[in-house]
Amino acid sequence: MNLIKLDATASTNTYLRDLCNTCVLDNFTVVVAENQFAGKGQRGSQWSSEVGNNLTFSVFVKDFLPSAAFVFDLNILVVLSIYQALKNNFNLTFNIKWPNDILAENKKIGGILIENMLKADGSVQSIIGVGLNVNQQNFEFLPQGSSLAKLCGEKVDKNAVLEFILEEMKQHLSVFSTEKMITYWQNYRLALFRKDMVSAFEDTAGNRFSGIIRSVTELGMLQVELDDQELKEFGLKEIKLLY
């Protein structure tokens, strides 16, 4: 594993993508930064992190996805790797908030942004960006946010956290097969935050409604049962879970 450590960068995803465009990278090259001052999140949002207190890193993956049709399978493997690594090492209740946020005790502690690049030969290269709140204590403007240290009541060794997450991720990615994905999908759906519970949602027009999360399709669409028992599918940019 090639590990590149930076004091500061705008975005580890951007740094890794630029590096990928200028040289041939080894599979599973990792870039980690103490200070990521322009990190990206889902829906074009920014990922804000206190300098030196949290983990912000990106992983380069190639020769993994057989085609672009399997991009959400990669999402499943990555988020389950982080979810399982944290469950194995911390006595907290963890969940996955669709599509790939990590929650601990119903508080958001981590997010993932995967950028896929389709090459001319049809192969797919991916950059997996991860932000994880480890030792941050101040969440004054993020009432739904927290960190491992805040929830555990003690400081956490973030280098150890990085190590066991990367080991778990590498292990799962190395055994990928379409047959094994059946089990991964089952585990992902079981870990879904507020699955089979009445929840509040908001659409892109600001309309709020209630529904029950039933599942996630293989294309990453969220299946929500509405009040009239209709099962409707939503994409990432079409709906927001309010909690």
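Above this text sits the structure in question.
The present account deals with the structure reproduced in this document. (Residues numbered from 1 in each chain as written. Predicted model: local features only at pLDDT ≥ 70, side-chain atom pairs only at ≥ 80, totals over all residues. Heavy atoms only, no water.)

1. Quick look at the overall build of the protein
Quick reminder of the rule: Helix numbers and strand numbers start at the N terminus; a helix is a DSSP run of H or I with at least 4 residues, a strand a run of E with at least 2. Type-normalised accessible area, obtained with a 1.4 Å probe on protein chains alone, sets the label of each residue: buried when under 20%, exposed when over 50%, and partly exposed for intermediate values. Working rule for contacts: check all heavy atoms of both residues, and any pair within 4.5 Å makes them a contact. Using a 1.4 Å probe, accessible areas were evaluated by the Shrake-Rupley method; residue-level cover was limited to the displayed protein chains. A positive count includes Lys and Arg, and a negative count includes Asp and Glu. His and the chain ends are not counted in either. Each charge is placed at NZ for Lys, CZ for Arg, CG for Asp and CD for Glu.
When you go through the protein residue by residue, the secondary structure sums to five helices and 14 strands. Considered along the principal axes of its C-alpha atoms, the protein spans approximately 55 × 45 × 35 Å. Looking at the protein residue by residue over its 243 residues, the buried ones come to 51%. Long-range pairs, those at least 24 residues apart, make up 62% of the contacts in the protein between residues at least 6 apart in sequence. For the protein, the exposed area adds up to about 12,000 Å²; of that, 48% sits on carbon and sulfur atoms. Taking the 23 positively charged and 28 negatively charged side chains of the protein as two groups, their mean positions are separated by 2 Å.

2. Quick look at the pattern of salt bridges
Rule in force here: Salt bridge, as applied in this entry: a Lys or Arg side-chain nitrogen positioned within 4 Å of an Asp or Glu carboxyl oxygen.
The tally for this structure, following the rule as stated, stands at eight salt bridges. In this structure, Asp196 and Arg214 form a salt bridge, with 3.0 Å as the shortest nitrogen-oxygen distance. Of this pair, Asp196 sits in the loop between helix H5 (181–191) and strand S10 (198–203) while Arg214 is found in strand S11 (residues 208–216), placing the two residues 18 residues apart along the sequence. For Asp196, a relative accessible area of 43% translates into the label partly exposed.

3. Some words on unusual backbone geometry
Each neighbour pair has its own omega, and for Trp98 with Pro99 the value is 0 degrees, a cis peptide bond. Within the fold, Pro99 resides in the loop between strand S6 (94–97) and strand S7 (101–104). Non-glycine residue Glu105 carries a positive phi angle of around 50 degrees. Positionally, Glu105 belongs in the loop between S7 and strand S8 (107–118).

4. Overview of the packing of aromatic side chains
Cut-off, in case you're wondering: The aromatic pairing rule takes the rings of Phe, Tyr and Trp, using the six-membered ring of Trp, and pairs them if the centres are within 6.5 Å, calling planes under 30 degrees apart stacked, those over 60 edge-to-face and the rest tilted.
The tally for this structure, following the rule as stated, stands at seven aromatic pairs. Summarising the aromatic geometry, the rings of Trp185 and Tyr188 are spaced 6.0 Å apart at their centres and angled 80 degrees between planes, so their arrangement reads as edge-to-face. Within this pair, Trp185 and its partner Tyr188 are both found in helix H5, separated by three residues, close to a single helical turn. Residues Trp185 and Tyr188 agree in their burial class; the two are buried. Each member of the aromatic cluster is reached from another via a ring pair, and the members are Phe72, Trp185 and Tyr188.

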